[in-house]
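Spelled out, the chains give:
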Amino acid sequence: MSPPYDTNTTSDVLVKDYADLIKGKVVLTTGISPGGLGAAFVHSIASAQPSLLILANRDMEKAQRTKSNLSASHPSVETRLLKVDLSLLQSVRDAAAELNNWSDVPVVDVLVNSAGIMGVEYGLTADGFEKHLASNHLGPFLFTNLIIDKILASKSPRIVNVTSNGHRFGPFRFGDYNFDEGKTYHNWRAYGQSKTANMLFSISLAEKLGNRGLLSFSVHPGGIMTNLGTHLDFSSEMQRLTEIDRQLGNIEGIKPELNWQSVKSIERGVATYIYAAFDPDLTGNNGAYTLDCHVGDPFTETILPWATSSVEAEKLWRLSEQLVEVLVKDYADIIAGKVVLTTGVSPGGLGASFVQSIAAANPSLLILANRDLVKAENTASAIAKSHPNVKARILHLDLASFQSVRKAADQVNSWSDIPAIDVLVNNAAVLGGEYGHTADGFEHHLATNHLGPFLFTNLIINKILASRSARIVNVSSNGHRLSPFRFGDYNFDGGKTYDSWRAYGQSKTANALFSISLAEKLGKRGLLSFSVHPGGIFTNMAARLDFATEIQKFAVIDRSLGNRHGVNPDLNWENLKTMERGTATYIFAAFAPDIAAHNGSYTLDCHVVDAMTEDIFPWATSSVEAEKLWRLSEELVGQKFQY
């Protein structure tokens, strides 16, 4: 049994007590710049002769200084540098890939997620996430999951997530985690949200992987003046902290002096890192929050319920998967070796985001079908740069023109080196705008969003059915609520009855019905087909629209149909997502292995829709409507398809 350690215990005491447990271990620590807790931690445990210290850092010059200091003080301890910027998901993926390729490092015994930022001004990362959320939670979440196999290969795997009693500044803000583009931003609430996330992540790891031997703990090191807070004026920041504490009813709001009582030396703060990483008696407290070298006691210490809830932990895990597209990792074995054809792949859109995401899982070939070949080349170049081993092929396709559709289908069918297409994602679309009709005589939304994909899919269906796991994904929208298919006036009487959103709604209803028909007609031949609502996302498709005025148009239609969005137009904004979260449902529909029983279904938020509780309208789920549309579509494109 471990001795009774407390707030005054220092790192040297614990290193001495745990020397046999540290010796021979491979320990990966993020955030190891000189002057920080990560650097102090690796310096402390180096004296116990770990097998390897992996030093992961954003600034490689600072990482090299820490490595040099370690070499000078402990020349027999092997160290290795790993570049990772946890605020950038691509950097995280690159770092994980590098680590996983180290054949001479088959296991990582201990991962300490120490890197973090604190109290910075509002800003978004390149991936579109608030900086604290990205650097302190999403980056570590993704990195940990991408290297988890190496951790689980250890005989005594352990993960330590560095949190803070600053988690008291707020729960995880599921409804506004990005702070409404800065409008609701407060630097300490943002920091608090990320520290709550660190605790919930530890709980989830323990619950999901404890049965495989993993131990995971969160650590509050105490108030320590490190390089983390050098940009802050704490004499003024303390007043802002107190304001939040008062609002939340925290004891620190009444007694601000408690903030100063937890101030520690680096040696005392690092002690709890070492305790959580190596103490042999913590097994019975898997997932716990630790401080002052003991497991936290919520009855006597500052531990808020929003950071200890298994329900909140699971909610955060699911959201985090969507935000970082961890589905690609979950489905990597399924994606690997697949031939995937995606329409509408211009940079800045969901199609481009989808193909760039799945490229990480090594599909056999990505076929990029686009109207604008220059934009398609740009997407292909981006894939070649980030994933040079993945092959891409460009296909010219204008879905608004039946002639272009037939020519593209003939080209695909002539490719003798591609006998099968495993997944077709009908993503290309138009949105809004004035009335117009194509050269074939059809309203633009109807032609581009439905008739073109209908014809193209049927013309290449034999290549799809040649796959052992054939799947078709049709990108729809909850905009289908704006209109059933208008069998009596699908062309809007030459523009006299035209409304851009009713036209868009009709086409999105058609996408859902097309998926149903494909499942019913070809499910017996092994085809799975699903429609996808990715969510409200500001992509290149919507860039030209003024949504402040367009929302008013939505509301008029919603009111006429009795939709709840008509009474509460704010619901349109609640569904807004990042590109990564929207793309996640594409990946779910295209590769999830356990949804065969739901063939033909409408999917959203990475699950099959629940018609009892979510927005799915009867005109988009009717087999009768689906068959009526199939027959009409055959008539309109001038070709019958008998299956």
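Predicted, not measured: the structure shown is a model, and the values here were computed from it.

What counts and what doesn't
- Residues numbered from 1 in each chain as written.
- Predicted model: local features only at pLDDT ≥ 70, side-chain atom pairs only at ≥ 80, totals over all residues.
- Heavy atoms only, no water.
- Domains from an automatic or database assignment.
- Contact = heavy atoms within 4.5 Å.
- Buried area = accessible area lost by both parts, 1.4 Å probe.
- Salt bridge = Lys/Arg side-chain N within 4 Å of Asp/Glu carboxyl O.
- Polar contact = N/O pair within 3.5 Å; in protein donor to acceptor, adjacent residues only side chain to side chain.
- Nonpolar A, V, L, I, M, F, W, Y, C, P; charged D, E, K, R; others polar.
- Pairing = 2+ DSSP bridges.
- Helix = DSSP H or I, 4+ residues; strand = E, 2+ residues; numbered from the N terminus.
- Axes fitted to C-alpha atoms, helices over the stretch in contact; angles between N-to-C directions.
- Parallel < 35°, antiparallel > 145°, perpendicular 65-115°, else oblique.
- Buried < 20%, exposed > 50% of the residue type's maximum accessible area, 1.4 Å probe, protein only.
- Right-handed = clockwise from strand over helix to strand, strands pointing away.

J.: Would you explain the domain arrangement of the protein chain in this entry?
T.: The accessible area lost on association of the parts is a frequent measure of interface size. When its domains are assigned, the protein chain resolves into domain 1 (11-323) and domain 2 (339-542 + 579-637). Taking only C-alpha atoms into account, the centre of domain 1 sits 42 Å from that of domain 2. Across the boundary between the two partners, domain 1 contributes 6 residues, which contact 5 residues of domain 2. Of the roughly 600 Å² buried between domain 1 and domain 2 on both sides combined, carbon and sulfur atoms contribute 48%. Where domain 1 meets domain 2, there are 0 salt bridges. Remark: the boundary between domain 1 and domain 2 carries 1 residue pair in polar contact (both at pLDDT 80 or more). Classifying every residue of the side of domain 1 that touches domain 2 by side-chain character gives 4 nonpolar, 1 polar and 1 charged.

J.: How should I be thinking about the sheet that holds strand β7 (residues 289-291) in this particular structure?
T.: Note on sheets: strands pair through backbone hydrogen bonds, and any given pair is parallel or antiparallel. Taking strand neighbours across the sheet as the criterion, the 8 strands line up as β3-β2-β1-β4-β5-β6-β7-β8 in an open arrangement whose pairing is mixed. What marks the edges here is a single partner per strand, and that holds for β3 (78-83) and β8 (294-295). As paired strands, strand β4 (residues 110-113) and strand β5 (residues 158-162) are joined by 4 bridges and run parallel to one another. Looking at the pairing, Val 112 lines up with Val 160 of β5. Strands β1 (26-30), β2 (52-57) and β4 of the sheet are contacted by helix α3 (residues 37-46), whose axis makes an angle of about 160 degrees with β1. The strands touched by helix α6 (residues 131-146) within the sheet are β1, β3, β4 and β5, with β4 carrying the most contacts at an inclination of about 165 degrees.

J.: Please clarify how the packing of helix α19 (residues 444-459) against helix α26 (residues 623-637) should be interpreted in this entry.
T.: Geometrically, a packed helix pair is captured by the angle between its two axes and the distance between the axes. Two numbers describe how α19 lies on α26: the axes approach to 10 Å, and their chain directions differ by 85 degrees. By the criterion of interaxial angle, the relationship of α19 to α26 is roughly perpendicular. Residues His 450, Leu 451, Phe 454, Leu 455 and Asn 458 of α19 form the contact with α26, whose participating residues are Leu 629, Trp 630, Ser 633, Glu 634, Leu 636 and Val 637. Of the residues that constitute the contact of α19 with α26, the class distribution is 7 nonpolar, 3 polar and 1 charged.

J.: I keep staring at the pairing of β2 and nothing clicks. Help me out?
T.: Consecutive side chains along a regular strand alternate between the two faces of the sheet. The element β2 is extensively covered by neighbouring structure, given that 6 of its 6 residues are classed as buried. Between the parallel pair β1 and β2, the chain is carried across by α3, and the sense of this crossover is right-handed. Relative to β3, β2 is paired through 6 bridges, and the arrangement is parallel. Across the sheet, Leu 53 pairs through a bridge with Thr 79, a residue of β3.

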